[in-house]
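Structural overview for review
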Amino acid sequence: MNASKSHRSLGTSPACIVLAIVTASFSCPLARAEPAGAAGSPPSKPNFIVIFTDDQGYQDVGCFGSPLIKTPRLDRMARQGRKFTSFYAQTVCGPSRAALMTGCYPLRVAKRNNQVDVHPYLHTKEITIAEILKAAGYTTACFGKWDLAGHTQTKFDPQLLPSQQGFDYFFGTPTSNDSVVNLLRNDEMIEKSADMNTLTQRYTDEAIEFIRANRDKPFFVYMPHTMPHTRLGVSDAFRGKSKRGLYGDIIEEIDACVGRVLDTVEELELTENTYVVFTSDNGPWAIKGEHGGCALPLRGAKTSTWEGGLRVPCIVWAPGRVPAGTVCGEVTCTMDLLPTLARLAGGQVPEDRVIDGHDITALIHGKPGAVGPDRPYYYYQHTHLQAVRSGKWKLHLPRPANPPWTPNWARHIDAKDVFDIPTPLLFDLETDIGERTNVADRHPEVVARLMQLAEEAREDIGDYDRAGKNARFFDPQPRRPDAVKWAKE
Ligand SMILES: [Ca+2]
């Protein structure tokens with residue numbers, strides 16, 4: 001009998017956006033402090049569901065302030081769970097997935113042939129969150145957009161698909177929907193040019209089917225939605241229904257699909273043994289106008305290292321474990337999920353390599369007095385370190401408006417957010433979340449401290465013109481030829 005069936009049912013309401021990790025009981029020493037199952041039930045590991053939308057802006061959830069988009073399920077998820085308001089992803093799709101999968105800055109992780117493409121070819125010798133959970137006894141599945149085997153719908157590397165990176169099951173697409181979406185089941189192409197209007201529901205259908213089939217064993221379900229990345233598509237049931245155009249329709253459909261997942265968790269009586277996490281891979285593609293999202297009150301958008309580029313909405317739901325209706329403003333990030341889920345699962349975080357993420361279990365569980373990890377947060381745009389955050393302070397490093405060593409990202413954001421930065425800019429994010437008032441002149445000691453932190457990152461992780469000493473290279477080819485090129489100039 002499923003141990004979770006003896007757990008108290010949560011009630012009737014489904015949640016909002018959830019990254020759900022379903023937990024059962026733990027057998028490892030680290031987990032002994034966790035709540036035990038009901039009397040007589042064997043310990044079990046929690047389940048995890050991570051829902052990762054594409055290009056959804058910081059404001060594009062009702063409970064994160066959207067004035068027009070209705071997200072009743074995500075809002076309820078937040079009322080039953082915990083909002084994270086200083087949660088960071090990366091500035092674009094591929095690197096953001098590399099960070100989530102490995103718990104590391106994208107520039108640190110190994111790529112095929114040591115090349116740093118804009119969208120990584122994630123090396124199979126990297127250890128993914130799925131591999132860690134699989135080794136801990138989990139059944140693992142990915143439903144949606146992978147984007148770590150090549151940013152192409154046809155010429156991707158089959159050796160780098162989810163099946164080679166720790167996932168038992170895959171239903172989804174190799175990369176973004178810029179052109180078409182081809183669908184794979186495991187390693188087999190099953191459908192070309194799929195109807196994008198159907199994707200949100202189809203990924204959800206398949207994920208729910210998987211959850212039902214695996215309800216009696218610990219599972220990790222990763223749902224990287226294709227939407228709301230353009231080209232936009234929505235089912236007829238949601239088309240024209242929102243007050244925010246097609247983009248709003250799509251968010252409202254995603255919201256409903258999050259609700260379907262949460263309803264399934266509740267129906268299967270897995271509520272008290274599942275963590276659901278909902279978040280986005282980067283900021284909104286604002287230049288798409290009505291087809292893009294919104295990051296207000298943050299500055300900037302997707303591709304930029306302004307807050308709007310990579311600070312994303314995040315909700316964690318696990319009734320009975322995560323305190324209902326609470327908010328955490330500590331600096332947290334997608335990289336933290338790997339060590340956190342590993343801890344909750346009784347899994348092993350790799351010890352033979354640097355992992356940037358921290359275990360934020362205490363923050364997720366709302367442990368009294370818990371504070372964020374003592375670490376700086378680094379803002380990379382592709383290979384370029386552009387800013388650093390420490391506590392409430394964020395420092396933008398000097399740089400040209402559109403550095404020649406990165407892609408032409410400037411065309412992706414509002415022109416007023418693109419300018420030369422000849423001297424460091426310092427912002428107090430607690431009082432100035434929109435990064436409007438440069439206070440560098442008033443706090444030279446803070447500027448100096450953050451400049452030093454940036455230098456440490458350059459040495460450790462790297463920058464556009466140097467390979468970091470702890471960046472990983474597993475192949476015989478030259479290391480970071482792009483860095484060699486720019487270091488010479
Ligand atoms: Ca994206």
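Residues numbered from 1 in each chain as written. Predicted model: local features only at pLDDT ≥ 70, side-chain atom pairs only at ≥ 80, totals over all residues.

1. Some words on the environment of Arg449
Relative to the assigned elements, Arg449 resides in helix 9 (residues 444-460). For the pair Arg449 and Leu395, spaced 54 residues apart in sequence, the C-alpha to C-alpha distance is 9.9 Å. (Helix = DSSP H or I, 4+ residues; strand = E, 2+ residues; numbered from the N terminus.)

2. Quick look at helix 7 (residues 337-345)
Counting buried residues along helix 7, eight of its nine residues qualify, which places the element largely inside the surrounding structure. All of the buried residues along helix 7 are Leu337, Leu338, Pro339, Thr340, Leu341, Ala342, Leu344 and Ala345. (Buried ≥ 20, exposed ≤ 12 C-beta atoms within 10 Å, placed from the backbone.)

3. Quick notes on the confidence of the model for the protein chain
In this model, the protein chain carries a mean pLDDT of 92, and residues with pLDDT of at least 70 account for 91%. Overall, residues 1-40 carries pLDDT values under 50, and its contacts beyond four positions in sequence, including any with other chains, amount to 147 contacts. (pLDDT = per-residue confidence, 0-100. Contact = placed C-beta atoms within 7 Å.)

4. Points about the domain arrangement of the protein chain
Its domain assignment divides the protein chain into domain 1 (12-364) and domain 2 (377-488). Taking only C-alpha atoms, the centre of domain 1 and the centre of domain 2 are 26 Å apart. Contacts between the two partners involve 33 residues from domain 1 and, on the opposite side, 33 residues from domain 2. Here the residues of the side of domain 1 that touches domain 2 sort into 18 nonpolar, eight polar and seven charged. (Domains from an automatic or database assignment. Nonpolar A, V, L, I, M, F, W, Y, C, P; charged D, E, K, R; others polar.)

5. A closer look at the packing of helix 1 (residues 72-80) against helix 5 (residues 245-267)
Direction vectors running N to C along helix 1 and helix 5 enclose 50°, while the axes themselves pass 7 Å from each other. Viewed along their axes, helix 1 and helix 5 adopt a mutual orientation that is oblique. Between helix 1 and helix 5, the residues in contact are Pro72, Arg73, Leu74 and Met77 and Asp255, Ala256, Val258, Gly259 and Leu262, respectively. Split into classes, the residues belonging to the contact of helix 1 with helix 5 amount to six nonpolar, one polar and two charged. (Axes fitted to C-alpha atoms, helices over the stretch in contact; angles between N-to-C directions. Parallel < 35°, antiparallel > 145°, perpendicular 65-115°, else oblique.)

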